[in-house]
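Structural description and commentary
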Amino acid sequence: MLAGQICCTTKGKGDMESLKMAGPREHFLISNHLFTARRTLAWTWLASGLLLAGIAQGADFYAAPNGTTDGDGSIERPWNLGKALKGSEVVQPGDTIWLRGGVYRAYNRPSKYFSSLQGAENQPITVRGFPGERAIIDGNLSQLTGGWVNYWGFEIMNSLKRRVTPEGGPFPKAFWAPDGRGQTTDLTVSGFDLRAPQVKLINMIIRDSIGGGIGINAAAVNPEIYGTLSFHNGWQGGDRGHGHGLYGQSISPSVPQVRDSLFFSNYALGIQTSGTGPVVDNFQFEGNVVFFNSAISRQHQANIVVGSASGQARNISLVRNFFFETEPSGTDVNLGYIGGIQNGLVQENYFATKVFFSPNNQNVQVNNNITVDANAPGQQPNLVVVRPNQYEAGRAHIIVYNWEGLPEVTVDPSNALAAGTAYEIRNAQDILGPPITQGVYAGGTVTLPMTGLPVAKTFQKNATASTAPRFNVFVLLPQSNTGVSTNTPPMLSGITDKTTLQNKPKAGIRFRVRDAELLPDFLNISVSSSNTELVPHENIKFTGNGLSRTMKIIPAKDQVGTTIINLSLSDGLLSTNTTFKLTVNPAVAATP
């Protein structure tokens with residue numbers, strides 16, 4: 001039941017120019033007019049708090065990077081991750097395993113972890129990052145047996161630096177690596193490999209995983225992916241980029257839900273649900289943001305494909321999702337693929353890209369979508385959407401289409417954030433970097449910059465260009481002080497002012513990084529330039545690893561002047577900054 005409607009003057013190419021709204025009390029800001037949409041009372045209750053059925057109270061256990069198999073799971077004697085994920089008879093339905101901060105890996109290398117945790121209906125076991133600390137699994141996590149488990153609020157990545165191979169196809173040998181036990185292991189596996197029923201991934205970060213971000217096997221009955229960021233996953237093969245933000249299959253009666261998650265800058269697609277035969281049943285996509293996928297590989301593929309190579313995808317729902325792409329193929333959003341969709345709903349989506357509907361689709365309802373050209377800014381009004389998080393009060397995704405090219409936009413987060421709450425807002429494309437803004441919410445609107453936004457580098461290359469100022473997604477997070485966390489800010493050496501000549505790079509700028517809790521290679525370096533005409537962000541390059549790093553700055557061609565370079569070092573929660581001035585002087589003319 002929809003309670004609100006906006007009619008706007010967008011000049012997009014969609015079949016309608018109106019956008020009906022529902023969702024969990026979303027705020028939509030079109031141009032300078034704020035609209036609030038609410039669902040029925042039942043949905044508003046779910047959105048305003050936590051899903052109580054998914055958060056049963058039980059005993060608390062703890063795992064830590066320095067935990068052991070001999071521990072008892074207490075905060076004083078925590079388990080290691082392998083022991084915690086086995087659970088044995090100690091961990092019962094409704095219990096919580098807290099992951100203390102730090103990097104989880106075996107034998108000082110990326111590792112595969114397997115979970116056999118078994119919860120029960122309405123009593124899931126929860127594996128959750130400890131508040132105020134950054135827990136990182138270096139490798140991947142697979143759940144092949146067990147079920148009824150919630151994984152919540154921690155990070156999965158792979159620190160193996162190599163991401164390029166001349167080999168083609170999905171099974172290269174380049175990413176086999178020693179496992180520390182005298183054997184080799186194939187690291188071409190999804191960051192989270194899901195093959196067990198009734199599992200939820202909630203507010204996770206899954207990045208830089210070699211085989212893709214999230215893999216949903218048909219055996220994973222009724223999975224839910226919610227509030228999760230999946231980016232920089234995959235590898236560059238000799239044929240194309242491989243590895244999706246999410247790859248999934250489903251066989252009825254399973255109903256996979258993918259909601260309010262971000263899929264961007266993966267080597268292949270953001271989302272692909274496909275296969276041969278009837279293996280794409282009942283997928284429900286709502287509130288997701290999908291953009292710039294395959295931007296880090298050699299050629300664009302698509303942002304989302306839903307459909308089978310043979311047979312039909314059945315009962316597909318794509319509602320209130322958001323897309324952005326400046327180099328789209330004609331099938332950037334591919335709904336139906338080859339076999340087509342049988343019984344589908346495509347409704348109230350915002351497509352800033354090209355959309356393809358398979359001619360083999362049957363009974364697919366297409367209602368109230370908006371399609372615009374991402375390369376034609378200024379032809380439609382701005383759109384700002386705030387989608388509150390269902391599981392964490394005060395958390396939200398803020399989606400900004402800045403077609404008017406404003407240097408900053410105003411946002412009303414009151415549908416997600418209570419007045420008097422301490423908060424921070426992070427740039428999704430640099431989620432582990434420092435906050436864009438922070439403070440105590442006084443009600444009303446907050447202002448977000450749309451210029452000068454850095455983008456995190458991948459393991460294979462330095463940062464790609466930002467989607468801003470035309471488009472960006474921000475993550476609103478409440479700040480809380482548990483009084484328990486031992487996390488301390490990272491340390492960053494200072495840099496003196498520098499000079500160079502016109503059209504001459506400034507190389508060899510050295511600095512040092514350090515952190516008490518994380519190894520240096522797990523720290524996030526962000527950089528911005530106050531004068532992007534002189535030095536664009538993407539013209540600042542980094543080399544080195546460990547404690548010592550080197551920066552190279554390449555001024556834009558024929559430009560002179562000054563810029564302030566802001567360098568930030570973040571452990572994913574806390575950050576340290578240093579700034580210095582770069583002066584680019586005119587080239588000295590040769591003496592006649």
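Since we're looking at a predicted model, the values are computed, not measured.

1. Thoughts on the overall build of the protein
- A count of helices and strands for the protein gives 2 helices and 52 strands.
- Residues classed as buried in the protein amount to 56% of the 592 residues present.
- The long-range share in the protein, meaning contacts at least 24 apart out of those at least 6 apart in sequence, stands at 71%.
- Surface accessibility of the protein: about 23,000 Å² in total, with carbon and sulfur atoms responsible for 51%.

2. Section: the pattern of salt bridges
- The tally for this structure, following the rule as stated, stands at 18 salt bridges.
- In this structure, R105 and D138 form a salt bridge, with 3.1 Å as the shortest nitrogen-oxygen distance. Of this pair, R105 sits in the loop between β7 (102–104) and β8 (111–115) while D138 sits in strand β10 (residues 135–143), and the two are 33 residues apart along the sequence.
- In this structure R105 comes out as partly exposed when scored by relative accessible area, which is 22%.
- Where R259 meets E224, a salt bridge forms, and the shortest distance between an N and an O atom there is 2.7 Å. With a gap of 35 residues between them, R259 in strand β24 (residues 257–259) and E224 in strand β19 (residues 224–226) connect regions that are remote in the sequence. Of the two residues, R259 and E224, both sit in the buried class.
- Put simply, R134, E155, R207 and D208 are held in one network by salt bridges that share partners.

3. Considerations on the sheet that holds strand β50 (residues 548–553)
- Overall, antiparallel pairing links the 4 strands, which are arranged β45-β47-β50-β49 in an open sheet. Strand pairing shows two members of the sheet lacking a second neighbour, β45 (491–492) and β49 (540–543), which therefore form its edges.
- Bridge count between β49 and β50: 4 bridges; the pairing is antiparallel. Bridge pairing in β50 links I540 to I553.

4. Quick word on the sheet that holds strand β27 (residues 284–286)
- Pairing in this open sheet of 11 strands is parallel, and the strands run β5-β6-β9-β11-β16-β19-β24-β27-β30-β33-β36 from one edge to the other. A single partner strand is all that each edge strand has here, and the edge strands are β5 (60–68) and β36 (362–367). Taken over all neighbouring pairs, the strand axes of this sheet differ in orientation by 10 degrees on average, direction set aside.
- Pairing of β5 with strand β6 (residues 96–99) involves 4 bridges; the strand directions are parallel. Across the sheet, the residue bridging to D60 is T96, located in β6.

5. Quick look at the environment of L523
- Secondary-structure assignment places L523 in the loop between β47 (506–514) and β48 (524–529).
- When the C-alpha positions of L523 and P490 are compared, they lie 8.2 Å apart, and in sequence the two are 33 residues distant.
- Residues in contact with L523, not counting those within four places in the same chain, are P490, V513, R514, D515, L518, L569, S570 and D571.

6. Section: the environment of D515
- By the element assignment, D515 lies in the loop between β47 and β48.
- Residue D515 is classed as buried on the basis of its relative accessible area, which comes to 9%.
- Once the C-alpha coordinates of D515 and S570 are considered, the two residues, 55 residues apart in sequence, prove to be 9.3 Å apart.
- Setting aside anything within four residues of it in sequence, one finds D515 in contact with T488, P489, P490, L523 and D571.
- Side-chain polar atoms of D515 contact the backbone nitrogen of L518, separated by 2.7 Å.

7. Looking at the packing of aromatic side chains
- Applying the stated criterion to the full structure yields 20 aromatic pairs.
- For the pair F283 and F285, a centre-to-centre distance of 5.7 Å together with 5 degrees between the ring planes defines the contact as stacked. Take F283 and F285: they sit in the same class, and that class is buried.
- Summarising the aromatic geometry, the rings of F324 and F471 are spaced 4.6 Å apart at their centres and angled 5 degrees between planes, so their arrangement reads as stacked. Separated by 147 residues along the polypeptide, F324 in strand β31 (residues 322–324) and F471 in strand β44 (residues 471–478) bring together distant segments of the chain.
- Look at F324 and you get buried, because its relative accessible area is 1%.
- Judged by its relative accessible area of 0%, F471 falls in the buried class.
- These aromatic residues form a ring-pair network of at least three members: F231, F264, F291, F292, F324, Y350, Y401, W403 and F471.
- Across from the ring centre of F130, 4.2 Å away, lies the NZ or CZ of R100, which sits over that ring.
- Taking NZ or CZ as reference, R128 lies 3.7 Å from the ring centre of W152, over its face.

8. Side note on the nonpolar core
- Ranked by internal contacts, the top residues of the largest apolar core, which has 52 residues, are Y151 and F154.
- If we skip the residues at most four places from it in the chain, Y151 touches L85, S115, L117, V127, L141, Q143, F192, V199, K200, L201, I202 and M204.
- Listed in part, the 27 residues of the second largest apolar core include L262, L383, V385 and I399.

9. Quick look at the confidence of the model for the protein
- Overall, the prediction assigns the protein a mean pLDDT of 88, with 89% of residues at 70 or greater.
- Taken as a whole, residues 31–56 scores under 50 in pLDDT and shows 58 contacts with residues more than four places along the chain or in a different chain.

10. Regarding the layout of surface pockets
- Considering only enclosed or pocket space, the second largest pocket measures out at about 620 Å³ in volume.
- Lining the second largest pocket are 26 residues, and of these P170, S190, G211, H244 and Y247 lie nearest its centre.
- If you list the elements that add at least two residues to the lining of the second largest pocket, you get β18 (214–216) and β23 (246–248).
- Here the element with the most residues in the lining of the second largest pocket is β18; it accounts for 3 residues.
- Its residues assigned to classes, the lining of the second largest pocket shows 10 nonpolar, 13 polar and 3 charged.

11. Quick look at the pairing of strand β9 (residues 125–129)
- Burial of β9 is extensive: 4 of the 5 residues sit out of reach of the surface.
- As paired strands, β6 and β9 are joined by 4 bridges and run parallel to one another. Residue pairing for β9: I97 is matched across the bridge by V127.
- The pairing of β9 with strand β11 (residues 149–152) spans 4 bridges and is parallel. Each bridged residue has a counterpart across the sheet, and for I125 the counterpart in β11 is V149.

Cut-offs and rules
- Residues numbered from 1 in each chain as written.
- Predicted model: local features only at pLDDT ≥ 70, side-chain atom pairs only at ≥ 80, totals over all residues.
- Heavy atoms only, no water.
- Helix = DSSP H or I, 4+ residues; strand = E, 2+ residues; numbered from the N terminus.
- Buried < 20%, exposed > 50% of the residue type's maximum accessible area, 1.4 Å probe, protein only.
- Contact = heavy atoms within 4.5 Å.
- Areas by Shrake-Rupley, 256 points an atom, 1.4 Å probe, with all protein chains shown as cover.
- Salt bridge = Lys/Arg side-chain N within 4 Å of Asp/Glu carboxyl O.
- Pairing = 2+ DSSP bridges.
- Axes fitted to C-alpha atoms, helices over the stretch in contact; angles between N-to-C directions.
- Polar contact = N/O pair within 3.5 Å; in protein donor to acceptor, adjacent residues only side chain to side chain.
- Phe/Tyr/Trp six-rings, centres within 6.5 Å; stacked < 30°, edge-to-face > 60°.
- Lys NZ or Arg CZ within 6 Å of the ring centre and 35° of its normal.
- Core = buried A, V, L, I, M, F, W, Y, C linked by side-chain atoms within 4.5 Å.
- pLDDT = per-residue confidence, 0-100.
- 1 Å grid on protein atoms, 1.4 Å probe; cavity = no way out; pocket = protein on both sides within 12 Å on 5 of 7 lines; lining within 4 Å.
- Points joined across faces, edges and corners; volume = space filled by probe spheres on them.
- Nonpolar A, V, L, I, M, F, W, Y, C, P; charged D, E, K, R; others polar.

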